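Given next are the chains, with one letter for each unit.
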Amino acid sequence: MGADQNEQESPPDTPTMEDVRASGWEEVIASVDHDDPDLANLGMAFWQAAEVADEPTTSRVFELFALAASATLDAESWNEPFKPFMTMAGKRSVIPSDLHPIEVAFLGEAAGLVAGAPALQARLYDIAWTHGSPRRIEHALRAIEAYTGEPLTNDAWIGDAEEAWRRAIFLSRRLGKATATQLAGIEATVVDTLLSSSASDGFLAVWLSDLLEHFGLARGSAIKIAAHLRALADLDRAADDHHRSQEEYRAAARWFERGDENDRAYACAADLAESYVAQADNPRSSANVSNIVASSHLEKAVATLRSLPKDYRTAQSLDKRLEHLQQRLRQSRKDSLREMARIESDPIDISAYVQSAKQLVSGHELPEALLRFALVLPLVDVQSLRENTIDAMRTFRLSSLFGGATLSADGRKVAATPGGTFSADDNAAIFNRMVRDHQSTAGLGAQARIIPALDVLKTEHCISREVVRQICGESPVIPPDRSNLWAAGLFAGFDGDYATALHILVPQLEALIRAHLNDQGVSTLLFGENGVETEKSLGPLLALEETAAIFTPSFRFELQALLTESHGPNLRNSVAHGQMTDETSWTTVTLYVWWLMLRLCYLPFWNMHSDQAPVGKE
């Protein structure tokens, strides 16, 4: 079943039509599970039958049929529609392009003998058309006819029917005038089937709608199709089948637009929004509908209503409805916070880290003790964190498959992570995960190292406001005209008032970065209309390439992860917009940020006054 890519061998003795008739191919097809009779299973059945066939010619018939059936179809490819079903280590499964022209001709002739198996017959004719030399138009016409022999039912569509009808339409369009009659017949059949579909047909109406829309067909029936889809949507919504009704409302809206009935399209969108609301309220979901789930549906409802033109919303009195749903969404998100369960692992023994942190700063004069406190915890190794994050995302792929959302303390949705398959090239997803994970790392570091060391430092030394003011005044990194502000913020932290510390230090950090960039000749301004100049905020400043000349990659990432990224604590935003509460102002993360600011200030001060080798570099 395997072959080197692009390898083509001389054919063995090619079977005859008499060999096909005598092979018993009908029995092979009958042996396939009728609950899953797709071509892939049929191909496997023929491969197995070829291995046990008594006659070499019968075995070769089955091998050729298996090869034809097992290839994967790319329905809208003109030159290479048949792909290998398996590729591995530079090898792949055989495909029809590996066949000798004599074998291709055999399949084209054998297709006429397998009329009882339309899927196989369509595949054989299509191979003969695609790889025949010269191509014969009758093979294409018969392939189209056989492809459209697949029934247009819900179950069949899930199998091979979708690709079969898609292939039939593609060939009919590409062949132009030669197949204009066939294309018109296909269009009429699909439209008639769609218009006669009912709720019992599942998603069939939506699938057929997508097929017609994809190929630009049935424009003359646009309004009929739209009206039928909307009627189905209304029925499904009444039956609480919201997922299907939403797909039908969306499809109906597109068809009304194609038919230049925009107001009716907008009405479908409004109904779609109400379907989301009904889904949020659905009593069948659980005894008490989850606010987390309800918020997701309400969010979609709000977004759908917002997408409607303002004039239409006004005319239909939908602005009040939109306002009401926005209020519900805000409340639902707040309620979601109470539903979130704390995920706990087994306890981590940090006693050794606590003890070593205490010993590190104990028994030293204040300048040395402050230095040791500033170095009590190493900064994050960004490269190692990235590698570990990639390994985790690759190992636990389900965490990447499903999307997620980050809610603020007041219930607002402040960040979203789209779902999808993991890729090591998806730098944004990897960075967001790094930011999220670092929040836990910073909190643990504060508990295990910073807090114990700070307790010893404050027990053994009296750290006065004047001492802190002197450090800030002489630290070469602190702008001279802001040293008192830095001293006030750092002293507040030594006094345990981290709320005051952050409200002073975070804006001053922004000014510090701006001052150093300006010293390097880097503009930190944004120019708006009429020449109005505004300063870039902390996030854009940290994102500048020139900021790498001020901070190490580790310190820069620490600041981004904790202060400016919505997937993390985003403390700069909380401070700037007054969103910090009494509770969120006193956390291990706010303590950690204060410690970073102390480290930023003190290490340059120490290096300037010490005879020892310089330590640290932020």
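Comments concerning the overall build of the chain
Right, on to step 1. Helix and strand counts for the chain stand at 29 helices and nine strands.
Right, on to step 2. With 618 residues in all, the chain has 46% of them scored as buried.
Right, on to step 3. For the chain, the accessible surface area stands at approximately 30800 Å², while carbon and sulfur atoms represent 50% of it.

Things to note about the packing of helix H18 (residues 366-374) against helix H29 (residues 588-609)
When two helices pack together, you describe them by how their axes are tilted relative to each other and by the distance separating the axes.
Right, on to step 1. Orientation of H18 relative to H29, taken along the N-to-C sense of each, is 130 degrees, at an axis distance of 9 Å. Classed by the angle they form, the pair H18 and H29 counts as oblique. The two elements H18 and H29 meet at a crossing, and its hand is left-handed. Counting all contacts with H18, which are made through Pro-367, Glu-368, Leu-370, Leu-371, Phe-373 and Ala-374, the residues of H29 involved are Trp-594, Trp-595, Leu-598, Arg-599, Tyr-602, Leu-603 and Trp-606.
Right, on to step 2. Classifying every residue of the contact of H18 with H29 gives 11 nonpolar, no polar and two charged.

Considering the environment of Ile-348
Right, on to step 1. Of note, Ile-348 is situated in the loop between helix H16 (318-339) and helix H17 (351-361).
Right, on to step 2. Residue Ile-348 is classed as exposed on the basis of its relative accessible area, which comes to 57%.
Right, on to step 3. Along the backbone, Ile-348 and Leu-444 are 96 residues apart, and their C-alpha atoms lie at a distance of 9.9 Å.

Focus: the packing of H17 against helix H21 (residues 427-460)
Right, on to step 1. With their axes 8 Å apart at the nearest point, H17 and H21 run at an angle of 35 degrees to one another. Once H17 is placed against H21, the crossing between them reads as right-handed. The residues of H21 that touch H17, namely those facing Tyr-353, Val-354, Ser-356, Ala-357, Lys-358, Leu-360 and Val-361, are Gln-447, Ala-448, Arg-449, Pro-452, Ala-453, Val-456, Leu-457 and Glu-460.
Right, on to step 2. By residue class, the composition of the contact of H17 with H21 is 10 nonpolar, two polar and three charged.

Some words on the environment of Thr-459
Right, on to step 1. Tracing the backbone through its elements, the reader meets Thr-459 in helix H21.
Right, on to step 2. Taking relative accessible area as the criterion, Thr-459 reaches 68% and is therefore assigned exposed.
Right, on to step 3. C-alpha separation for the pair Thr-459 and Ser-362, spaced 97 residues apart in sequence, amounts to 9.5 Å.

Overview of the nonpolar core
Burial of nonpolar side chains together is a common tendency in soluble globular proteins.
Right, on to step 1. With 81 residues, the main nonpolar core has Phe-46, Phe-65, Phe-106, Leu-107, Leu-120 and Leu-212 as its most contacted residues.
Right, on to step 2. Of all the elements, helix H8 (residues 154-174) adds the most residues to this core, at nine residues.
Right, on to step 3. Once you skip the residues sitting within four places of it in the chain, Leu-107 turns out to touch Leu-64, Phe-65, Ala-68, Leu-99, Leu-124 and Ile-127.
Right, on to step 4. Residues Ala-442, Phe-491, Leu-512 and Leu-562 belong to the second largest nonpolar core, which totals 68 residues.

So, the side chain of Arg-258
Right, on to step 1. Mapped onto the secondary structure, Arg-258 falls in helix H12 (residues 242-258).
Right, on to step 2. Buried charged residue Arg-258 carries no salt bridge. Nearest counter-charge: Glu-213, at 5.7 Å.
Right, on to step 3. For Arg-258, the residues in contact, after removing those within four places along its chain, are Leu-212, Glu-213, Gly-216, Leu-217, Arg-219 and Ala-222.

Quick word on helix H10 (residues 204-214)
Right, on to step 1. Leu-204, Ala-205, Val-206, Leu-208, Ser-209, Leu-211 and Leu-212 are the residues of H10 that are buried.
Right, on to step 2. Its buried side turned inward, H10 meets H8, helix H9 (180-195), helix H11 (222-238) and H12.
Right, on to step 3. Gly-216 lies just past H10 and shows a positive phi near 70 degrees.

Focus on the side chain of Gln-246
Right, on to step 1. As for its placement among the helices and strands, Gln-246 is situated in helix H12.
Right, on to step 2. Here Gln-246 falls in the buried class, since its relative accessible area comes to 4%.

So, the packing of aromatic side chains
Right, on to step 1. One pass over the full model with this rule turns up 13 aromatic pairs.
Right, on to step 2. Ring centres of Tyr-592 and Trp-595 lie 5.5 Å apart, and the angle between their planes is 50 degrees; on these two criteria the pair is classed as tilted. Remark: Trp-595 and Tyr-592 occur in helix H29; sequence separation between them is three residues, near one turn of the helix. Assigned by exposure class, Tyr-592 and Trp-595 land together as buried.

Some thoughts on the pattern of salt bridges
Right, on to step 1. Within the structure shown, the criterion is met by 28 salt bridges.
Right, on to step 2. Arg-166 is the partner of Glu-76 in a salt bridge, and the nearest nitrogen-oxygen pair spans 3.5 Å. Taken together, the positions of Glu-76 in the loop between strand E2 (72-73) and strand E3 (82-83) and Arg-166 in helix H8 put the pair 90 residues apart, joining distant regions of the chain.
Right, on to step 3. Looking at Glu-76, the relative accessible area reads 33%, which means it is partly exposed.
Right, on to step 4. For the salt bridge of Lys-310 with Asp-319, the shortest nitrogen-to-oxygen distance reads 2.9 Å.
Right, on to step 5. Assessed through its relative accessible area of 48%, Lys-310 is described here as partly exposed.
Right, on to step 6. Among the charged side chains, a salt-bridge network with shared partners connects Glu-510, Arg-514, Glu-535 and Arg-572.

Quick look at unusual backbone geometry
Peptide bonds are mostly trans, and most non-glycine residues show a negative phi.
Right, on to step 1. Cis geometry is adopted by the peptide bond preceding Pro-134, which originates at Ser-133 and carries an omega value of 0 degrees.
Right, on to step 2. If you trace the backbone, Pro-134 turns up in the loop between helix H6 (118-131) and helix H7 (137-147).
Right, on to step 3. Non-glycine residue Asp-240 carries a positive phi angle of around 65 degrees.
Right, on to step 4. Mapping Asp-240 onto the fold places it in the loop between H11 and H12.

A few points about empty space enclosed by the protein
Right, on to step 1. Inspection of every chain in the model, using the stated rule, returns one cavity of 30 Å³ or more.
Right, on to step 2. Reported here for the largest cavity is a volume of approximately 30 Å³.
Right, on to step 3. Top contributing element to the lining of the largest cavity by residue count: helix H22 (residues 465-474), with three residues.
Right, on to step 4. When grouped by side-chain class, the residues that make up the lining of the largest cavity number six nonpolar, no polar and no charged.

As for the confidence of the model for the chain
In low-pLDDT segments, the atomic positions of the prediction should not be examined closely.
Right, on to step 1. Residues of the chain with pLDDT of at least 70 account for 89%, and the chain-wide mean is 87.
Right, on to step 2. Under a pLDDT of 50 for its full length, residues 1-8 has, in the predicted model, 22 contacts with residues more than four places off or in other chains.
Right, on to step 3. Per-residue pLDDT stays below 50 along residues 284-288; that stretch engages in three contacts with residues further than four places along the chain or on separate chains.

Some words on the state of the cysteines
Right, on to step 1. Enumeration according to the criterion identifies zero disulfides in this entry.
Right, on to step 2. Between Cys-472, a free cysteine, and Cys-601, which holds the nearest cysteine sulfur, the sulfur-to-sulfur gap is 3.8 Å.
Right, on to step 3. Relative accessible area serves as the criterion here: at 1%, Cys-472 is assigned to the buried category.

Structural notes on a nonpolar patch on the surface
Right, on to step 1. Judged by side-chain polarity, Phe-85, Met-86 and Met-88 come together as a nonpolar surface patch covering roughly 310 Å² of accessible area.
Right, on to step 2. Here Met-86 lies in the loop between E3 and strand E4 (87-88).

Rules behind the numbers
Residues numbered from 1 in each chain as written. Predicted model: local features only at pLDDT ≥ 70, side-chain atom pairs only at ≥ 80, totals over all residues. Heavy atoms only, no water. Helix = DSSP H or I, 4+ residues; strand = E, 2+ residues; numbered from the N terminus. Buried < 20%, exposed > 50% of the residue type's maximum accessible area, 1.4 Å probe, protein only. Areas by Shrake-Rupley, 256 points an atom, 1.4 Å probe, with all protein chains shown as cover. Axes fitted to C-alpha atoms, helices over the stretch in contact; angles between N-to-C directions. Parallel < 35°, antiparallel > 145°, perpendicular 65-115°, else oblique. Left-handed = near helix turned anticlockwise from the far one by under 90°. Contact = heavy atoms within 4.5 Å. Nonpolar A, V, L, I, M, F, W, Y, C, P; charged D, E, K, R; others polar. Core = buried A, V, L, I, M, F, W, Y, C linked by side-chain atoms within 4.5 Å. Lys, Arg positive; Asp, Glu negative; His and termini not counted. Salt bridge = Lys/Arg side-chain N within 4 Å of Asp/Glu carboxyl O. Phe/Tyr/Trp six-rings, centres within 6.5 Å; stacked < 30°, edge-to-face > 60°. 1 Å grid on protein atoms, 1.4 Å probe; cavity = no way out; pocket = protein on both sides within 12 Å on 5 of 7 lines; lining within 4 Å. Points joined across faces, edges and corners; volume = space filled by probe spheres on them. pLDDT = per-residue confidence, 0-100. Disulfide = S-S within 2.5 Å. Patch = residues over 30% accessible without salt bridge, like charges linked within 9 Å, V, L, I, M, F, W, Y side chains within 5 Å.

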